[in-house]
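Summary of the model geometry
This is what each chain is made of:
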Amino acid sequence: MTCAAIILAAGESRRFGSPKQLAALDGRPLLQHVIDAVLEVDALDPVVVVLGAHHEEVQAAIDPGRASVVLCLGWDEGLAASLRAGLLAVREAVPDVERVAIVLGDTPRLESAVIEDVLHAAEGAPPGVAARAMYDGSPGHPVVLPREMLDAAGELAGEDGARELLAGVPIVLVEAGGPGGMDVDTPENLEALR
């Protein structure tokens with residue numbers, strides 16, 4: 001089964017006050033933590049990192065490894081534009097991709113084992129069923145979308161993301177636990193992770 005990954009990291013970081021992708025955690029940029037966790041999962045190929053605001057600074061500070069970096073020119077339209085840019089890049093690389101894992105670039109404690117667990121749940125699910133990580137009963141990332149949902153993902157607009165796609169469709173939920181689901185929106189969030 002082919003499964004790609006899209007790491008969404010194009011936002012402006014307004015609430016954070018500076019490019020959060022570059023904020024240091026354990027001596028590395030936040031985004032690098034996420035990239036490294038995704039790249040540890042060999043089954044994810046291709047891996048696409050979507051940048052937008054501050055893209056030159058961010059790209060200079062990260063090591064994408066085998067991941068491709070894609071620029072979302074419409075990043076200021078919202079999350080959906082980043083998702084569309086990532087999907088376009090994935091489909092150019094693998095037109096018949098079966099599933100796509102969506103990962104947020106501001107979840108630096110995400111563990112590769114959680115990604116693998118959600119991916120395995122998706123592989124074992126019937127056609128058209130998505131899989132999603134849960135953290136203490138709350139939905140989080142990654143989200144693995146089946147091929148049947150990818151066209152709808154390409155039609156999202158504004159701040160619509162995977163949550164809108166998953167409304168009313170069957171989902172396999174995978175309890176992950178730990179801090180991996182916490183996204184960093186403010187400096188206080190980052191301090192809590194430290």
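See the structure shown above.
Residues numbered from 1 in each chain as written. Predicted model: local features only at pLDDT ≥ 70, side-chain atom pairs only at ≥ 80, totals over all residues. Heavy atoms only, no water.

Structural notes on the pattern of salt bridges
So the rule is basically this: Definition used for salt bridges: Asp or Glu carboxyl oxygen within 4 Å of a side-chain nitrogen of Lys or Arg. Relative accessible area decides the class of each residue, using a 1.4 Å probe on protein chains only: under 20% of the type maximum gives buried, over 50% gives exposed, and in between gives partly exposed.
Applying the stated rule across the entire model yields 6 salt bridges. For Glu12, the salt bridge goes to Arg14, with nearest N and O atoms at 3.5 Å. Classification of Glu12 by relative accessible area gives partly exposed; the value is 34%. Here Lys20 ties to Asp106 by a salt bridge, and the two come within 2.7 Å at their closest N and O atoms.

Side note on the sheet that holds strand E1 (residues 3-9)
Formally: When DSSP finds at least two bridges between two strands, those strands are taken to pair. For helices the rule is a DSSP run of H or I covering at least 4 residues; for strands it is a run of E covering at least 2, with both sets numbered from the N terminus onward. Every axis in this analysis is a line fitted to C-alpha atoms, fitted for helices over the stretch in contact. Angles between the N-to-C directions lie between 0 and 180 degrees. A contact between two residues is defined here by any heavy atoms of the two lying within 4.5 Å.
Reading across from one edge, E5-E4-E1-E6-E8-E7-E9 is the order of the 7 strands in this open sheet, with mixed pairing throughout. On the outer flanks of this sheet lie strand E5 (68-71) and strand E9 (171-175), each paired with one strand and no other. Strand-to-strand, the axes of this sheet are offset by a mean angle of 25 degrees, without reference to chain direction. As paired elements, strand E7 (residues 130-135) and E9 share 5 bridges and run parallel to each other. Paired with Ala131 across the bridge in E9 is Val172. Across the face of the sheet, helix H3 (residues 79-93) comes into contact with E1, strand E4 (44-51), E5 and strand E6 (99-104) while running at roughly 150 degrees to E1. Against the sheet, helix H4 (residues 112-123) engages E1, E4, E6, E7, strand E8 (138-146) and E9, with an angle of about 145 degrees to E7.

Considering the side chain of Ser82
Relative to the assigned elements, Ser82 resides in helix H3. With sequence-adjacent residues up to four places away left out, Ser82 is seen in contact with Leu8, Ala10, Val50 and Cys72.

Considerations on the nonpolar core
Just so we agree on the cut-off: Buried Ala, Val, Leu, Ile, Met, Phe, Trp, Tyr and Cys residues form a nonpolar core when they are joined through side-chain atoms within 4.5 Å.
Counting residues in hydrophobic clusters, the biggest one holds 32 residues, and the most contacted among them are Ile7, Leu31, Val38, Leu44 and Val47. Mapped onto this core, the elements with two or more residues apiece are E1, helix H1 (30-39), E4, E6, H4 and E7. The residues touching Leu44, leaving out its near neighbours within four places in the chain, are Cys3, Ala4, Ala5, Val38, Arg66, Ala101, Ile115 and Leu119.

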